[in-house]
Amino acid sequence: MIPAVHYGQSGTIRPDDPGPRNGSVVLADPREVIDGFPAPPPVSRAPRRFSPALALFVVLALAGVAGCGYGLVTVFSYRLAKMPTNAMAPAVPAGTAIVLGKRDGQVYRRGDVVLARMPAHQDNRAYLLLGRVIGVGGDDVRCCDEKRRIVVNGKSVDESYASGDGPVFRALVPKDGVFLAGDRRDVSWDSRNEEATGMDGSVPVSEVYGVVVATGPNRWWVRTLPPTTAFTAAGLPGAPEVDQGPFLGRVLVGAGAGVFLTGFLGAVVTGVRRGRKRRREAAGPGW
């Protein structure tokens, strides 16, 4: 029969100790300190302290996410289309992607390049038209003066971007309408041609899809379409606005991604270093 084992209080087995009367053996308590070896460190945790560096990196990461998200929302708030015609060359060559912007209560100004839907007239079907606004509501637009220039409200407009000749016409643009012409006046079929054939060449602003604010091969690689000063130089009010939205949106996406990576990596490195330091402090000297 195997005798029962009991742990003693002194940590030693004494031969002269009769031990328990039932014949059990007393062994040293393994939980006691072994002579010659240090005691294991107490289980404790160093108090967590506020780290300005870690907080800064976390704020940077959150700011990067916010900036990148806002940039994406901005970029995708613009519509994208491709034009197969060359009627707006060289400003918008054939096959170029156009980026359209349209705000609530959008105001169209002379010189804006817009994409619109020309309403159907009699047997003619409606069609898409990419053209430049050469007349707004209330304007008297005609072609042409002795130098073959468009005349708006009695003022001749020098359009350096336009080329070729077009039909002779005269139109009074109705309220809430725009009058459009392609920059290639010899190949573009637009408001001028409709007016010259006896139809109403004006396009209601409700049929305008938006202003072309940028061009390029795709949504991400675009350049801002510079506005023209031809109409203001002729003495007509209402200069076109510059919309940097697509460009700024792309900048925000790139900058936001960079700021996020900086903050994220910085937070990870700082957290790892702080964890190591806490473990060393908890272990105490000699561990």
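Up top is the structure.
Residues numbered from 1 in each chain as written. Predicted model: local features only at pLDDT ≥ 70, side-chain atom pairs only at ≥ 80, totals over all residues. Heavy atoms only, no water.

Draft legend 1. Focus on the sheet that holds strand 9 (residues 155-156). The antiparallel open sheet is built from four strands, whose spatial order is 9-8-7-10. Looking at strand neighbours, the two that pair on one side only are strand 9 and strand 10 (169-172), the edges of this open sheet. As paired elements, strand 8 (residues 150-152) and strand 9 share two bridges and run antiparallel to each other. Residue pairing in the sheet places Val152 in a bridge with Lys155 of strand 9. (Pairing = 2+ DSSP bridges. Helix = DSSP H or I, 4+ residues; strand = E, 2+ residues; numbered from the N terminus.)

Draft legend 2. Region of the structure containing the pattern of salt bridges. A full pass over the atoms with the stated rule returns twelve salt bridges. Note that Arg149 is salt-bridged to Asp158, the shortest N-O span being 3.1 Å. Classification of Arg149 by relative accessible area gives buried; the value is 18%. Assessed through its relative accessible area of 51%, Asp158 is described here as exposed. We note a salt bridge from Asp190 to Arg192, for which the minimum N-O separation is 2.8 Å. The burial state of Asp190 is the same as that of Arg192; both residues are buried. (Salt bridge = Lys/Arg side-chain N within 4 Å of Asp/Glu carboxyl O. Buried < 20%, exposed > 50% of the residue type's maximum accessible area, 1.4 Å probe, protein only.)

Draft legend 3. The layout of surface pockets, seen in detail. Taken as a whole, the largest pocket encloses approximately 390 Å³ of empty space. Together, 27 residues line the largest pocket, and Val212, Leu225, Pro226, Pro227 and Glu241 are the ones closest to its centre. Elements supplying a minimum of two residues to the lining of the largest pocket: strand 13 (208-216) and strand 14 (223-224). At three residues, the largest contribution of residues to the lining of the largest pocket is made by strand 13. Tallied by class, the residues present in the lining of the largest pocket amount to 13 nonpolar, five polar and nine charged. (1 Å grid on protein atoms, 1.4 Å probe; cavity = no way out; pocket = protein on both sides within 12 Å on 5 of 7 lines; lining within 4 Å. Points joined across faces, edges and corners; volume = space filled by probe spheres on them. Nonpolar A, V, L, I, M, F, W, Y, C, P; charged D, E, K, R; others polar.)

Draft legend 4. View of the environment of Asp165. With respect to the secondary-structure elements, Asp165 resides in the loop between strand 9 and strand 10. Each C-alpha atom of the pair Asp165 and Arg184 lies 8.3 Å from the other, and the pair is 19 residues apart in sequence. Setting aside chain neighbours within four positions, we find Asp165 in contact with Arg148, Arg185 and Asp186. (Contact = heavy atoms within 4.5 Å.)

Draft legend 5. Main features of the packing of aromatic side chains. Enumeration over the complete set of coordinates arrives at two aromatic pairs. Arranged with centres 5.8 Å apart and planes meeting at 20°, the rings of Phe260 and Phe264 form a pair that is stacked. Of this pair, Phe260 and Phe264 both sit in helix 4 (residues 245-283), separated by four residues, roughly a single helical turn. Using a relative accessible area of 43% as the deciding quantity, one classes Phe264 as partly exposed. One Lys or Arg, Arg132, reaches over the ring of Tyr161 and ends 3.9 Å from the middle of that ring. (Phe/Tyr/Trp six-rings, centres within 6.5 Å; stacked < 30°, edge-to-face > 60°. Lys NZ or Arg CZ within 6 Å of the ring centre and 35° of its normal.)

Draft legend 6. Summary view of the side chain of Asp145. The topology assignment puts Asp145 in the loop between strand 7 (140-143) and strand 8. Take Asp145: its relative accessible area is 9%, and that puts it in the buried class. A distance of 2.7 Å separates polar atoms of two side chains, one belonging to Asp145 and the other to Arg149. Each residue touching Asp145, except ones within four places of it in the same chain, is listed here: Val151 and Ser156. (Polar contact = N/O pair within 3.5 Å; in protein donor to acceptor, adjacent residues only side chain to side chain.)

Draft legend 7. Spatial organisation of a nonpolar patch on the surface. A surface patch of nonpolar side chains, about 600 Å² in accessible area, is lined by Val65, Phe260, Leu261, Phe264, Leu265, Val268 and Val272. Here the element with the most residues in the nonpolar patch is helix 4; it accounts for six residues. Relative to the helices and strands, Val272 resides in helix 4. A residue is classified by how much of its surface remains accessible, and Val272, at 41% relative accessible area, is partly exposed. (Patch = residues over 30% accessible without salt bridge, like charges linked within 9 Å, V, L, I, M, F, W, Y side chains within 5 Å. Areas by Shrake-Rupley, 256 points an atom, 1.4 Å probe, with all protein chains shown as cover.)

Draft legend 8. Seen up close, the environment of Ala97. Relative to the helices and strands, Ala97 resides in strand 4 (residues 97-101). Exposure remark for Ala97: the relative accessible area of 1% places this residue in the buried category. For the pair formed by Ala97 and Val222, sequence separation is 125 residues and the distance between their alpha carbons is 8.4 Å. Leaving out residues up to four positions away in the same chain, Ala97 has contacts with Leu80, Ala81, Lys82, Ala214, Thr215, Gly216, Pro217 and Asn218.

Draft legend 9. A look at the state of the cysteines. This model, assessed by the stated rule, comprises one disulfide. Disulfide pairing is shown between Cys143 and Cys144; the S-S distance is 1.5 Å. Sign of the S-S torsion, about -50° for the bond between Cys143 and Cys144, identifies this disulfide as left-handed. The exposure class of Cys143 is buried, given its relative accessible area of 9%. (Disulfide = S-S within 2.5 Å.)

Draft legend 10. Quick peek at the environment of Ala91. Within the fold, Ala91 resides in the loop between strand 3 (79-82) and strand 4. For Ala91, a relative accessible area of 16% gives the class buried. Sequence spacing of Ala91 and Val113 is 22 residues, and the spatial spacing of their C-alpha atoms is 9.3 Å.

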